[in-house]
Amino acid sequence: MVIIGQDPYHGAGQANGLCFSVSEGISQPPSLKNIFKELNADLGLDFPDSGNLEQWADQGVLLLNATLTVRAGQPGSHQNRGWEQFTNAVIRSISEQKSGVIFLLWGKFAQAKEAIIDTGKHFLLKAAHPSPFSAYNGFFGCRHFSKVNEILIQSKRSPINWRLKS
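Counting starts from 1 at the beginning of each chain's written sequence and moves along it residue by residue. Per-residue local features of the predicted model are confined to residues with pLDDT of at least 70, and side-chain atom pairs are confined, for both listing and counting, to 80 or more; whole-chain, interface and lining totals are unaffected and use all residues. Derived side-chain values reflect all non-hydrogen atoms in the structure, with water molecules and hydrogen atoms excluded from consideration.

Enquirer: Teacher, can you tell me more about the overall build of the protein chain here?
Expert: Numbering of helices and strands runs from the N terminus, with a helix taken as a DSSP run of H or I at least four residues long and a strand as a DSSP run of E at least two residues long. The secondary structure content of the protein chain amounts to five helices and four strands. Going residue by residue from the N terminus, the α and β elements of the protein chain occur as β-α-α-β-α-β-α-β-α. Its C-alpha radius of gyration of 15 Å places the protein chain within 12% of the 15 Å reference for a compact globule of 166 residues. Residues counted as buried form 47% of the 166 residues belonging to the protein chain. When the accessible surface of the protein chain is totalled, it reaches about 8500 Å², and 50% of it is carbon and sulfur. C-alpha atoms define the radius of gyration in this analysis, and the globule rule sets the expected value at 2.2 Å times the number of residues to the power 0.38. Buried means the residue's accessible area, taken with a 1.4 Å probe over protein chains only, is under 20% of the maximum for its type, while exposed means over 50%, and partly exposed covers the values in between. For the area figures, the Shrake-Rupley method with a 1.4 Å probe applies, and any residue is considered shielded solely by the protein chains shown.

Right under this line is the structure:
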């Protein structure tokens, strides 16, 4: 399973290498809070104290930003500097070498990656970005977390335990 983000959080100490994730002890950014709101609405999960998503990665969820660095306080500052060539190659490689991968494409930026994914052999779930600017335009209510688990169970694979330790 792959969740594609745009670029790392740009606040001091926020980015930890996993899209939408922050390390222990770091305040949860608004997009991450909205992800947890959707998890609560979709699966009834309590809001975790930590925004660290490593537990998802440990279960095989690739949390990949298209751009892997950012200048502090300047979102998007390292776009179009070569990172996208690398991360697009990663996405293409997954698409070519695997089958039945579930891609969560949240927002127009992530949805543009559909062009490099073989939609005939993978699952794509698309919704608005969880940002406060767009979450009410289709992220809230998308039920992607339960849909992912339904697809996994139907494919005779283990569902993701979305619950994070508090």
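Next comes the rest of the write-up.
Enquirer: Just checking my understanding: could you explain the pattern of salt bridges for this structure?
Expert: Side chains that differ in charge, positive against negative, can pair when their charged atoms come close. The rule for a salt bridge is simple: a side-chain nitrogen of Lys or Arg has to be within 4 Å of a carboxyl oxygen of Asp or Glu. By the definition in use, this model includes two salt bridges. Across the pair Asp-42 and Arg-143 runs a salt bridge, and its minimum N-O distance is 3.4 Å. One end of the pair, Asp-42, is in helix α1 (residues 30–43); the other, Arg-143, is in the loop between β4 (123–127) and α5 (144–154), with 101 residues separating them in the sequence. Lys-126 serves as the salt-bridge partner of Glu-114, at 2.9 Å between the closest nitrogen and oxygen. Note that Glu-114 is positioned in the loop between α4 (108–111) and β4 and Lys-126 in strand β4, a separation of twelve residues in sequence.

Enquirer: Which parts of the structure should I look at to understand the layout of surface pockets?
Expert: Empty space among the atoms can be located by rolling a probe the size of a water molecule over them. Of the volumes computed, that of the largest pocket is approximately 540 Å³. What lines the largest pocket is a set of 28 residues, and nearest its centre among them are Asp-7, Pro-8, Tyr-9, His-10 and His-129. Put simply, the parts of the chain that give the lining of the largest pocket at least two residues each are α1 and β2 (62–65). At three residues, the largest contribution of residues to the lining of the largest pocket is made by β2. Grid points spaced at 1 Å and placed over the protein atoms alone form the basis of the search, with a cavity being a set where a 1.4 Å probe fits but cannot get out and a pocket an open set showing protein on both sides within 12 Å along at least five of seven lines. Lining residues have an atom within 4 Å of a point. Grid points are joined across faces, edges and corners, and a volume is the space filled by probe spheres set on the points.

Enquirer: I'm lost on the sheet that holds β4 in this one. Help?
Expert: With respect to topology, four strands assemble into an open sheet ordered β2-β1-β3-β4, the strand pairing being parallel. Because the sheet does not close on itself, it has two edges, and the strands there are β2 and β4. This sheet shows a mean twist of 20° between the axes of neighbouring strands, independent of strand direction. Note: two strands are recorded as paired if DSSP finds a minimum of 2 bridges between them. Note that strand β1 (residues 2–5) and β2 share four bridges and pair parallel. Looking at the pairing, Val-2 lines up with Leu-62 of β2. Relative to the sheet, helix α3 (residues 83–97) contacts β1, β2 and β3 (102–106), its axis offset from that of β2 by approximately 145°. Orientation is described by lines fitted to C-alpha atoms, with helices fitted over the stretch in contact, and by angles between N-to-C directions that extend from 0 to 180 degrees. Note on definitions: a residue-residue contact is assigned when non-hydrogen atoms from the two residues lie within 4.5 Å.

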